[in-house]
Amino acid sequence: MHGWLQWLQGPVFWAALCFAVLGLARRLGLAVAQIRGALARAGDRRVGYRAVWRGTVRWLSPAAPLGARPLFGATSALFHLGVIVAPLFLAGHIALIRDAVGLAWPALPNAAATALALAAVVAAVALVIERLASRATRSLSGFQEYALPLVVALPLVTGLLVMHPAWNPAPYEPMLLLHAATADLLLVLVPVTKLSHVALFPVTQLATELAWHFAPDAGAKVGLALGREGEPI
Amino acid sequence: MATRGKFSYYVEPRALQVADRPRKFLAAFAAVLEHGNYAVALDSYARLVARCGRCAASCQLYAVTGEDQDIPCHRSELLLRVYRRYFTTAGLLKARVSGASAFTLTDDYLDRMGEQFYRCTACRRCRVECPLGVDHGLVTHLARWLLAEIDVVPKALVAAVREQLEGAGNTSAVSVAGLKDTCEFLEEELRDTWGVEAKFPFDVEGAEYVFFPAVSDYLLEADTLMGNAAVMHVSGGSWTIGTGNFDGINYGLFYSDRMFERIIRRLIAEVRRLKGRKVLVGECGHATRSAWCIPAYAGADPPEVVNCLEYAWRMLEAGRIPLKPERIPERVTYHDPCNLARVGRITEEPREILKAICADYVEMTPNRTRNYCCGGGGGTVSLDEIRPFRTGLMGRKKAEQIRATGAQLVVAPCANCKKQLREVCEDHGLEGVKVVGLHELLLRAMDFGVAAPAAAAGAGLAAAGDSSPTG
Ligand code: SF4
């Protein structure tokens, strides 16, 4: 058992982390290349960066998701908060990383991390329920939409059980193993699913803005490529 | 000759004769991705859509129909799915693995797209609601272009563009002689009714502004045009109308970038011919938004683009438009055309003008960047055959908004909006409401230093014809 754990926390973790980081970096690199290509093609290169910036950071405020669907938005904000803050500022995680690479940063009190993680787990389940409860989201959603919040919640659930043996119905070691395994799985999923918004979020608004910056001869070139340029309308 | 059949709008007969449509559609898609700037957005949308349903809450159509097909994200998915399947590695791989059960683009699917993407006015109201920046109006814009390459496009739009690019040179087939006649008549009217010697100058080389209203204004919005001429007159503006091209309409914006760029280049050519320095666009919203793209096509030293509302406000602010002491007494409200207001570009100028000339100006809510579309955006106003949809479903929110203001006059500075709102008012029993252009009101409020006959107030030459094409 211990060997497995070391394997999951060691090589597998690092492999998963590399996969996530490199995968996201690749996506981001491709996006930047596309953006540069679009800028080069655009006839009018005056981009409204101010508006793009405002449109982007607007969503980073926890109040932003309210509005059109306040309950869903609040749940989502809570979910994001817990998922990001709890694992990153957990004393146990920071200690692991310090031992491995010598980097450390201030930790949250364990009670606060527990509360945040609990909130995120509840929010994840609530997200799924709210998604199912509204006709609009139900009709839009597929497997990924329901599965992803739960997959994200798995390491949190297992982590909570590891931290609080009193809540844990199973033995400690297997639970820790499960925790490491689900965390590794999550890392692998980040770059290949829509979870990649963790890195791509900053380019989404810019992408829209650039698409409206027409390439001046795109139409004629498309017409030529399709053999329709000389055709009467 | 038109054919209805598959779509709720008329298409030309050849639309039904195109063979091998899925392959052609994909070929067009590939070419557009290669030469245009859409890939960057599509890639991000296709990967990241959150499917959070927030857009549903902002679409005025979904609010009324409650049908799944009218959720913005649902509609955009129609195109994103094709993109994922045929233009991403993951999609191609997945299709390999799942073999026959993989999603394939079919004729039926294309027909569904043809119907769905004309149920969206591309008003972009839903855009601000998307946390991931998905612009469903952009997706509609692109999807319509791709569909047009397999000839799925409303007949009314294609016929207007044909007239503009291959026929009379403008969308309403107005001849130069007809145009001059109309303007002469308007000059007389300005002199006799309003007591002002304003002129419509033609082909003046070196004029500062070359004027491009929606050409339909010459047929339908005489009062607004007289207002334009009067403003130019009292402010001493140097302007001209080019007989080579006097139509600001660009239906390319609604269905094909290929047409869009040809129409814009024609417009630029006319400005260059006249050695004009600026483009003065009439009140029309989509003409203005199209003209804002001029710098992309004009090369070095592009002409500046000014909308007549901006011009009028600048002149009024500078004290160059004398106003009568008494204000317009009716209750007035303002409809923000999406193409002027959505990105926040022209929202305050018209309001400032109206507040200066109206005694009882009220806002409709929501407004400015969050306004509701008139319901006829994206060229759908030209499709008379879908009027019940346009006014009954798409325009219902607008009707409620107008009713709530209690206004007698709705100022709609866009030719498309004007036509649509008149029909909305008609179909929703808003009998006492009159839809007017802003310059029409401004004309009433201007002081020409003579006692204009009181009867002139409210006198209108413009009677909106249902079947006439408008900008
Ligand atoms: S662009 Fe306008 S009409 Fe189209 S889906 Fe969005 S809100 Fe609805």
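Up top is the structure.
One structure accompanies this document, and this report is about it. (Residues numbered from 1 in each chain as written. Chains lettered and ligands numbered in written order. Predicted model: local features only at pLDDT ≥ 70, side-chain atom pairs only at ≥ 80, totals over all residues. Heavy atoms only, no water.)

## Observations regarding the packing of aromatic side chains
(1) Moving on: For the structure shown, the criterion picks out 18 aromatic pairs over all chains.
(2) Moving on: Summarising the aromatic geometry, the rings of tyrosine 83 of chain B and phenylalanine 87 of chain B are spaced 6.2 Å apart at their centres and angled 25° between planes, so their arrangement reads as stacked. Note that tyrosine 83 of chain B and phenylalanine 87 of chain B are positioned in helix H5 (residues 72–87) at a spacing of four residues, about one turn of the helix.
(3) Moving on: These aromatic residues form a ring-pair network of at least three members: Trp212 and Phe214 of chain A together with Phe260 and Tyr297 of chain B.
(4) Moving on: The lysine or arginine in question, arginine 125 of chain B, covers the ring of tyrosine 372 of chain B, its NZ or CZ lying 4.2 Å from the ring centre.
(5) Moving on: Directly above the aromatic system of tryptophan 212 of chain A lies the positively charged group of arginine 289 of chain B, at a separation of 4.6 Å from the ring centroid. (Phe/Tyr/Trp six-rings, centres within 6.5 Å; stacked < 30°, edge-to-face > 60°. Helix = DSSP H or I, 4+ residues; strand = E, 2+ residues; numbered from the N terminus. Lys NZ or Arg CZ within 6 Å of the ring centre and 35° of its normal.)

## Description of the sheet that holds strand E4 (residues 304–307) of chain B
All names here are of chain B.
(1) Moving on: Taken in spatial order, the four strands of this open sheet run E2-E1-E3-E4, and their pairing is parallel. Lying at the two open borders of the sheet, with one neighbouring strand each, are strand E2 (239–240) and E4.
(2) Moving on: Here strand E3 (residues 278–281) runs beside E4; their pairing, made up of four bridges, is parallel. When the sheet's bridge partners are listed, leucine 280 is paired in E4 with valine 306.
(3) Moving on: Strands in contact with helix H17 (residues 308–317) are strand E1 (209–212), E3 and E4; relative to E4, the strand with the most contacts, it is inclined by about 75°. (Pairing = 2+ DSSP bridges. Contact = heavy atoms within 4.5 Å. Axes fitted to C-alpha atoms, helices over the stretch in contact; angles between N-to-C directions.)

## What about helix H21 (residues 396–405) of chain B?
All names here are of chain B.
(1) Moving on: For H21, the complete set of buried residues consists of Lys398, Ala399, Gln401, Ile402 and Thr405. For H21, the angular spread of buried residues about the axis comes to 160°, placing them on one side.
(2) Moving on: Of the residues flanking the end of H21, it is glycine 406, one or two places downstream, whose phi is positive at about 70°. (Buried < 20%, exposed > 50% of the residue type's maximum accessible area, 1.4 Å probe, protein only. Arc of directions from axis to C-beta.)

## Some details on the side chain of arginine 27 of chain A
(1) Moving on: With respect to the secondary-structure elements, arginine 27 of chain A resides in helix H1 (residues 2–41).
(2) Moving on: The class of arginine 27 of chain A is buried, set by a relative accessible area of 10%.
(3) Moving on: Not counting chain neighbours up to four residues away, the residues in contact with arginine 27 of chain A comprise Pro191 and Leu200 of chain A together with Asp43 and Arg47 of chain B.

## Focus: H17 of chain B
Residue and element names in this part refer to chain B.
(1) Moving on: When you tally the buried positions in H17, you get eight out of ten residues, the bulk of the element.
(2) Moving on: Looking at H17, one finds that the buried residues are Cys308, Leu309, Glu310, Tyr311, Ala312, Trp313, Met315 and Leu316.
(3) Moving on: Residue asparagine 307 occupies the N-cap position of H17, its side-chain oxygen lying 2.6 Å from the main-chain nitrogen of leucine 309.
(4) Moving on: Of the residues flanking the end of H17, it is glycine 319, one or two places downstream, whose phi is positive at about 75°. (Polar contact = N/O pair within 3.5 Å; in protein donor to acceptor, adjacent residues only side chain to side chain.)

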